[in-house]
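# Architecture at a glance
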Amino acid sequence: MISQFFILSPHRGDTLVFRDYRNEVSRDAPDLLLDKLTNWHKENGQEQAPPPFFEIDGVHFLFIQTHDLYFVCTTKFDVSPFMTFELLDRIATLIKDFCGSLSEEILRLNSGLVYELLDEIIDCGYPQTTSTDKLKSYVYEEPIPVKRNNIIMDSLAKLKAPSINIGNSNCRPINIRDERNSRHNEIFIDIIERVVASFASNGMTVQAEIDGSIKVKSYLQGNPEIQLALNSNIILDRDSEITDDRYGIIFDDYKFHDSVDVSGFKENRRMTIFPPEGENIIMNYRITSNISLPFRVFPLVLHVPGHPKRMDVTIRIRADFPEDKIATKCTIIIPLPHVTQSVSYEQLNDNAGQSAQYDNKIQKVILTINKLKGGSERSIKLKLTGSVPYLPAAQLEVGPINLEFDIQNYTSSKIQIRRLKVHEKNNALPPQRRWIRFYTISEKMNKMKEKLIYEKEKNELILQKKIEKENRDFSTSKIRRKDLE
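Residues numbered from 1 in each chain as written. Predicted model: local features only at pLDDT ≥ 70, side-chain atom pairs only at ≥ 80, totals over all residues. Heavy atoms only, no water.

Before going further, it helps to spend a moment on unusual backbone geometry. The phi dihedral of Asn 23 is positive, around 55°, even though this residue is not glycine. Looking at the element boundaries, Asn 23 is found in the loop between β2 (14-20) and α1 (29-44). Even without glycine at this site, Lys 414 takes up a positive phi of about 65°. Within the secondary structure, Lys 414 sits in the loop between β24 (402-408) and β25 (417-423). (Helix = DSSP H or I, 4+ residues; strand = E, 2+ residues; numbered from the N terminus.)

A few words on the packing of aromatic side chains. Within this structure, the stated rule accounts for eleven aromatic pairs. Note on Phe 5 and Phe 71: the rings are 6.3 Å apart at their centroids and 50° apart in plane angle, and the pair reads as tilted. Of this pair, Phe 5 sits in strand β1 (residues 4-9) while Phe 71 sits in strand β5 (residues 69-75), and the two are 66 residues apart along the sequence. The residues Phe 5 and Phe 71 share a single accessibility class, namely buried. Taking the centre distance of 5.5 Å and the plane angle of 85° together, the rings of Phe 63 and Tyr 70 count as edge-to-face. (Phe/Tyr/Trp six-rings, centres within 6.5 Å; stacked < 30°, edge-to-face > 60°. Buried < 20%, exposed > 50% of the residue type's maximum accessible area, 1.4 Å probe, protein only.)

A few words now on the nonpolar core. Nonpolar side chains in soluble globular proteins tend to end up buried together. Counting 63 residues, the largest nonpolar core has Met 271, Met 283 and Phe 295 as the members making the most contacts within it. Broken down by element, this core gets its largest block of residues, five residues, from strand β18 (residues 310-319). Taken domain by domain, the makeup of this core includes at least three residues from each of domain 2 (168-292 + 410-484) and domain 3 (295-407). When sequence neighbours within four positions are dropped, the list of residues in contact with Met 271 reads Ile 226, Gln 227, Leu 228, Leu 230, Phe 256, Val 260, Asp 261, Phe 265, Ile 282 and Met 283. (Core = buried A, V, L, I, M, F, W, Y, C linked by side-chain atoms within 4.5 Å. Domains from an automatic or database assignment. Contact = heavy atoms within 4.5 Å.)

This brings us to the sheet that holds strand β15 (residues 270-273). Read from one edge of the open sheet, four strands run β14-β15-β10-β25, paired in antiparallel fashion. Looking at which strands have only one partner, the edges of the open sheet turn out to be β14 (260-261) and β25. Examined bridge by bridge, β14 and β15 share two bridges and lie antiparallel to one another. Bridge pairing links Asp 261 to Thr 272 in β15. (Pairing = 2+ DSSP bridges.)

Time to look at the pattern of salt bridges. With the rule as written, the count across this model stands at ten salt bridges. One salt bridge in this structure joins Arg 19 and Asp 119, with 3.3 Å as the shortest N-O distance. Taken together, the residues Arg 19 in strand β2 and Asp 119 in helix α4 (residues 111-121) connect sequence positions 100 residues apart. Here Glu 24 ties to Arg 22 by a salt bridge, and the two come within 3.4 Å at their closest N and O atoms. Overall, the relative accessible area of 25% leaves Glu 24 in the partly exposed class. Connected via shared salt-bridge partners are Asp 14, Glu 104 and Arg 108. (Salt bridge = Lys/Arg side-chain N within 4 Å of Asp/Glu carboxyl O.)

As judged from the nine bridges shared by strand β17 (residues 295-303) and β18, these two strands associate in the antiparallel manner. In the sheet register, Phe 298 faces β18, and the bridge partner there is Arg 316. Counting the residues that bridge the hairpin from β17 to β18 gives six residues, and of these Gly 306 lies at a positive phi of roughly 80°.

Take a look at the structure:
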């Protein structure tokens, strides 16, 4: 149950959109959150992202940051944080679909459209629907485009054609409503796979899982029927007719959108789609076996002989995906023992485009690799110096290592689209462009989980210390009373 929803501009500190659904939380909640974020950045630095959850005076603040804006929900109840994060992300996507883009200026110009959307999405604090197709029937406000005058084009217009004002032409973003009358007739299909894996110290896989989704963004005129066929070696719940699943893609769980006709999926792995306008996830699936992991991480922790306060940590990262693919946005986060005082780095090979930074506040080394080509390796050696001698148990404090990455045109499950056909109706225009893209990324939600767990453990530790202090104060006062008696 949601009490309030609002959108903040972190740069100016303005509240761009505010809707109070239950009148149980103070209306100065945006100011409280901004003060909390400001103090958090002062203590931890501007580069460190704040946790997506705060509790202030018994009010839970849950928020995401997208397009340099904060989308925030407040509540006094114990709601599911991940359901709330998904709702916030979906609201941002819907505003972008209906307005054409998402920015502070767009929100100011289209405040009426945004409020009309919010009234249909959330009712009395309860989410109702986030379907673009359903919301089109209830939202009637027209989007207002952003007008931008081009000085150079305006000058050329005055010189060459004074009667035609080129500078007053509107630079309008394409949105759901405009696309109906646009000459563009396009369809975008994205297969996105989020990989979660755990490795042992010897590099062996302990656990691996793929959370995949097929997204369709349709701008086809007349909403024609689409036939989409996937790999023929897909195995659904380990079908009984397939005896050898070593080379198959096993779907442990899968779910389809309401617009998908799955009558032919079990036989020939083909689905018939009647896609609504806008972006929609037509299928979700989960895979836990036969996964080709794109990376292997090999850590090595050694105590330096004769130097009890020294420890060497070597991290080797191997890219096991094809050589023609490149991983970008690679970030490796390495937790270190709490007694670590300083860290120095040693590059073991030619590691161009690689940098490391030690954050002593969180006791972690953040290794950044701009581009990592398939089939290559990267290594780094960390030389740790502790404030006290490292005990043998200090090796257990190194890790778990978190790897974040983004690989385009690659899927860990080897799932592919073998056929895409659009059946035009009433002599409609055939699709001018068919975009099919593949992405393999790390599970970003783990970062949110880690922050939520960290905040929970931190609050429990503060509460425990407070109770211990009260017990000590009580014992001290009791001893003093005995001495006075």
